[in-house]
Amino acid sequence: MKNNRVVITGMGIVSPIGNGMSSFENALFAGYTGTRYIQELKNYGFSCQVAGVPNISDHPKLDFLKKYGLLKTSLLLQYAVLAGLDAWENAKLSIPENHEQPADFDNGCIIGAGIGPLDLVVDNLIPNTNKVKKRKLRSTIVEQSMLNAPSAHLSMILGLGNQVSFNSAACATGTEAIITAAERIATGKAKRMLAGGTESYSPHGWIGFDVMRVLNRNMNDNPEKASCPLSENAAGFIPGAGAGVLLLESLESALERNAPILAEISGTHINSGGQRNGGTMTAPSSEAVIKCVQESIKDAEIQASDIDYINGHLSSTMADVLEIQNLSKALNRYGKDFPYINSLKAQTGHCIGAGGAIETIASVLQIQSQKVAASINSKALHPEIAKLIDEKCVPDKP
């Protein structure tokens with residue numbers, strides 16, 4: 001088996017704080033928050049009426065959605081196509097003007113989601129089926145509602161002939177897609193892979209979290225402060241939507257075509273706690289988290305002391321404390337010796353299946369600028385977190 005080095009050569013994003021790399025980067029370092037009061041959530045009886053929702057009404061690539069008949073389909077699909085095409089061009093690759101060229105079997109795509117296209121199901125499939133108006137569904141409904149629709153449509157537009165598929169792993173979905181794509185390139189089975197996650201705005205997809213009481217229901221009148229990771233005020237996460245897509249490539253291919261190299265993926269690991277030793281389907285297993293971090297470090301052939309920044313999952317729930325406990329144990333680093341850590345979720349909300357990809361993009365931008373973004377709304381630190389790490393490890397300004 002080959003062992004190619006894997007680099008990131010392009011990125012594309014649709015997010016509550018901006019679409020496209022320039023807009024997103026400016027908002028990231030400005031500490032701008034995209035969480036807003038959503039009247040529709042109140043209409044549906046949500047206790048939490050705050051969310052992070054992208055605005056794509058003026059996106060420069062809307063013509064592609066129009067061209068392929070995607071303007072009235074799931075936002076999950078729309079977000080992914082827009083972010084994927086941006087990542088493709090960001091990597092200095094051209095979008096074909098037509099479908100006359102043959103498929104490129106070196107290029108593939110893995111884009112996942114945590115929930116799926118529930119907005120399309122609720123707004124289109126169910127009402128038209130129940131009213132016996134199947135002609136309104138049109139013959140493209142299967143292509144647009146299947147779970148791998150984002151990857152399949154990007155494959156059609158770009159002529160991707162390698163693996164084209166979908167993954168789903170709850171909040172880890174976007175990260176898992178990136179790791180899986182990187183492994184495919186590392187083993188020589190592909191030269192380039194679009195990879196990431198997408199999640200639509202859908203009250204029907206979010207209502208279960210509200211029922212579980214894991215959303216913050218106390219800040220409807222102050223949405224910009226509703227998500228406060230690491231803080232003693234953390235009282236539940238804020239749902240978000242969007243898509244993050246990265247173009248991964250073998251180092252050899254990137255150098256050959258003089259592509260922009262933004263970062264390298266040097267070590268990864270995927271595991272599960274098996275819902276044992278305190279872990280459940282919704283609560284992390286400390287044993288598994290610690291092992292995952294340590295195996296990633298081992299795979300990267302570095303030391304825990306080499307790490308100077310962590311982009312945390314940190315969703316503004318009581319699990320934030322457990323996350324810091326697990327990370328400090330995994331690295332054996334405490335107090336002022338702990339790396340810088342921040343959470344993007346105070347700015348975007350928790351974008352579920354898209355979160356890992358959007359936050360990877362934020363991490364790469366911080367590497368590129370050599371500047372750590374502020375972890376807004378994080379002070380004062382939760383007292384149990386303050387016992388483990390120094391407050392200066394959680395920056396309140398870039």
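A short tour of the structure in this document, coming up.

How each quantity is defined
- Residues numbered from 1 in each chain as written.
- Predicted model: local features only at pLDDT ≥ 70, side-chain atom pairs only at ≥ 80, totals over all residues.
- Heavy atoms only, no water.
- Helix = DSSP H or I, 4+ residues; strand = E, 2+ residues; numbered from the N terminus.
- Rg over C-alpha atoms; globule rule 2.2 N^0.38 Å.
- Buried < 20%, exposed > 50% of the residue type's maximum accessible area, 1.4 Å probe, protein only.
- Contact = heavy atoms within 4.5 Å.
- Polar contact = N/O pair within 3.5 Å; in protein donor to acceptor, adjacent residues only side chain to side chain.
- Salt bridge = Lys/Arg side-chain N within 4 Å of Asp/Glu carboxyl O.
- Axes fitted to C-alpha atoms, helices over the stretch in contact; angles between N-to-C directions.
- Parallel < 35°, antiparallel > 145°, perpendicular 65-115°, else oblique.
- Left-handed = near helix turned anticlockwise from the far one by under 90°.
- Lys, Arg positive; Asp, Glu negative; His and termini not counted.
- Expected span 1.5 Å × (residues − 1).
- Phe/Tyr/Trp six-rings, centres within 6.5 Å; stacked < 30°, edge-to-face > 60°.
- Lys NZ or Arg CZ within 6 Å of the ring centre and 35° of its normal.
- Core = buried A, V, L, I, M, F, W, Y, C linked by side-chain atoms within 4.5 Å.

### Some points on the overall build of the protein chain
Here's step 1: The number of helices and strands found in the protein chain is 15 helices and 11 strands.
Here's step 2: By the compact-globule yardstick of 21 Å for 398 residues, the protein chain fits well, its C-alpha radius of gyration being 20 Å.
Here's step 3: Considered along the principal axes of its C-alpha atoms, the protein chain spans approximately 60 × 55 × 40 Å.
Here's step 4: Within the protein chain, the fraction of its 398 residues that count as buried is 53%.
Here's step 5: For the protein chain, long-range pairs separated by at least 24 residues make up 78% of all intrachain contacts whose partners lie at least 6 apart in sequence.

### Section: the side chain of Asn162
Here's step 1: If you trace the backbone, Asn162 turns up in the loop between helix H7 (149-158) and strand S6 (164-165).
Here's step 2: Judged by relative accessible area, Asn162 falls into the buried class, the value being 13%.
Here's step 3: Within the structure, Asn162 has its side chain in polar contact with the side chain of Arg184 (distance 2.6 Å).
Here's step 4: Ignoring anything within four residues of it in the chain, the contact list for Asn162 reads Asp104, Phe105, Asp106, Asn107, Gly108, Arg184, Lys189, Ala190 and Met193.

### Description of the pattern of salt bridges
Between side chains of opposite charge, a pair can form as their charged atoms come close.
Here's step 1: A complete count under the given rule lists 12 salt bridges for this structure.
Here's step 2: For Arg257, the salt bridge is made with Glu249, and the minimal N-O distance between the two is 2.8 Å.
Here's step 3: Three or more residues are tied together by salt bridges with common partners; here these are Lys61, Asp86 and Glu89.

### With respect to the packing of helix H11 (residues 286-300) against helix H12 (residues 319-331)
Here's step 1: Closest axis-to-axis distance for the H11/H12 pair is 9 Å, and the angle between their directions is 45°. Classified by the angle their axes make, H11 and H12 are oblique. When the axes of H11 and H12 are compared, the crossing they make is right-handed. Within the contact between the two elements, H11 uses Ser286, Val289, Ile290, Val293, Gln294 and Ile297 and H12 uses Leu322, Asn326, Leu327, Lys329, Ala330 and Leu331.

### Overview of the side chain of Glu199
Here's step 1: Inspection of the secondary structure puts Glu199 in strand S7 (residues 192-199).
Here's step 2: This buried residue, Glu199, is left without a salt bridge; Lys345 holds the nearest opposite charge, at 12 Å.
Here's step 3: A polar side-chain atom of Glu199 sits 3.0 Å from the main-chain amide nitrogen of Ile115.
Here's step 4: A distance of 2.7 Å separates a polar atom in the side chain of Glu199 from the backbone nitrogen of Gly353.
Here's step 5: In contact with Glu199, other than residues within four places in its own chain, are Leu76, Tyr79, Ala113, Gly114, Ile115, Gly116, Ala241, Gly242, Cys351, Ile352, Gly353 and Ala354.

### Let's talk about H11
Here's step 1: In this model, H11 (15 residues) spans 21 Å end to end at C-alpha, consistent with the 21 Å of a helix rising 1.5 Å per residue.
Here's step 2: Within H11 the residues assigned to the buried category are Ala288, Ile290, Cys292, Ser296, Ile297 and Ala300.
Here's step 3: Two residues or fewer past H11, Glu301 is found with a positive phi of approximately 60°.

### Some words on the packing of aromatic side chains
Any pair of aromatic rings gets described here by the distance separating the centres and the angle formed by the planes.
Here's step 1: In total, this model carries 2 aromatic pairs according to the counting rule given.
Here's step 2: Ring geometry for Tyr201 versus Trp206: centroids 5.3 Å apart, planes at 65°, classification edge-to-face. When sorted by exposure, Tyr201 lands in the same class as Trp206, which is buried.
Here's step 3: Measuring from centroid to centroid gives 5.3 Å for Phe209 and Phe237, while their planes differ by 70°, and the two rings are edge-to-face. Placement of Phe209 in helix H9 (residues 203-212) and of Phe237 in the loop between H9 and strand S8 (242-250) is noted, with a sequence separation of 28 residues between them.
Here's step 4: The class for Phe237 is buried, based on a relative accessible area of 7%.
Here's step 5: Lying across the ring of Phe29, Lys371 places its NZ or CZ 4.6 Å from the centre.

### Some points on the nonpolar core
Here's step 1: Core analysis: the largest hydrophobic core is formed by 36 residues, its most contacted members being Val81, Trp88, Leu154, Leu158 and Leu194.
Here's step 2: Elements supplying a minimum of two residues to this core: helix H3 (62-67), helix H4 (75-90), strand S5 (107-112), H7 and S8.
Here's step 3: Broken down by element, this core gets its largest block of residues, 9 residues, from H4.
Here's step 4: Ignoring anything within four residues of it in the chain, the contact list for Leu154 reads Ala80, Val81, Gly84, Leu85, Cys109, Ile111, Gly159, Leu160 and Leu194.
Here's step 5: Ranked by size, the runner-up nonpolar core spans 34 residues in total, among them Ile8, Ala190, Leu344 and Ile361.

### Observations concerning the packing of helix H1 (residues 21-30) against helix H14 (residues 355-369)
Here's step 1: Where H1 meets H14, the closest approach of the two axes is 11 Å, and the angle between their N-to-C directions is 80°. It follows from the interaxial angle that H1 and H14 lie roughly perpendicular. Residues Met21, Phe24, Glu25, Leu28 and Phe29 of H1 pack against Ile358, Ile361, Ala362, Leu365, Gln366 and Ser369 of H14.

### Details of unusual backbone geometry
Here's step 1: Note the cis peptide between Lys379 and Ala380, where omega equals 0°.
Here's step 2: With respect to the helices and strands, Ala380 occurs in the loop between H14 and helix H15 (383-386).
Here's step 3: The backbone phi angle of Asn332 is positive, close to 55°, even though this residue is not glycine.
Here's step 4: Given a relative accessible area of 58%, Asn332 falls into the exposed group.
Here's step 5: Residue Gln370 is not a glycine yet carries a positive backbone phi of 55°.

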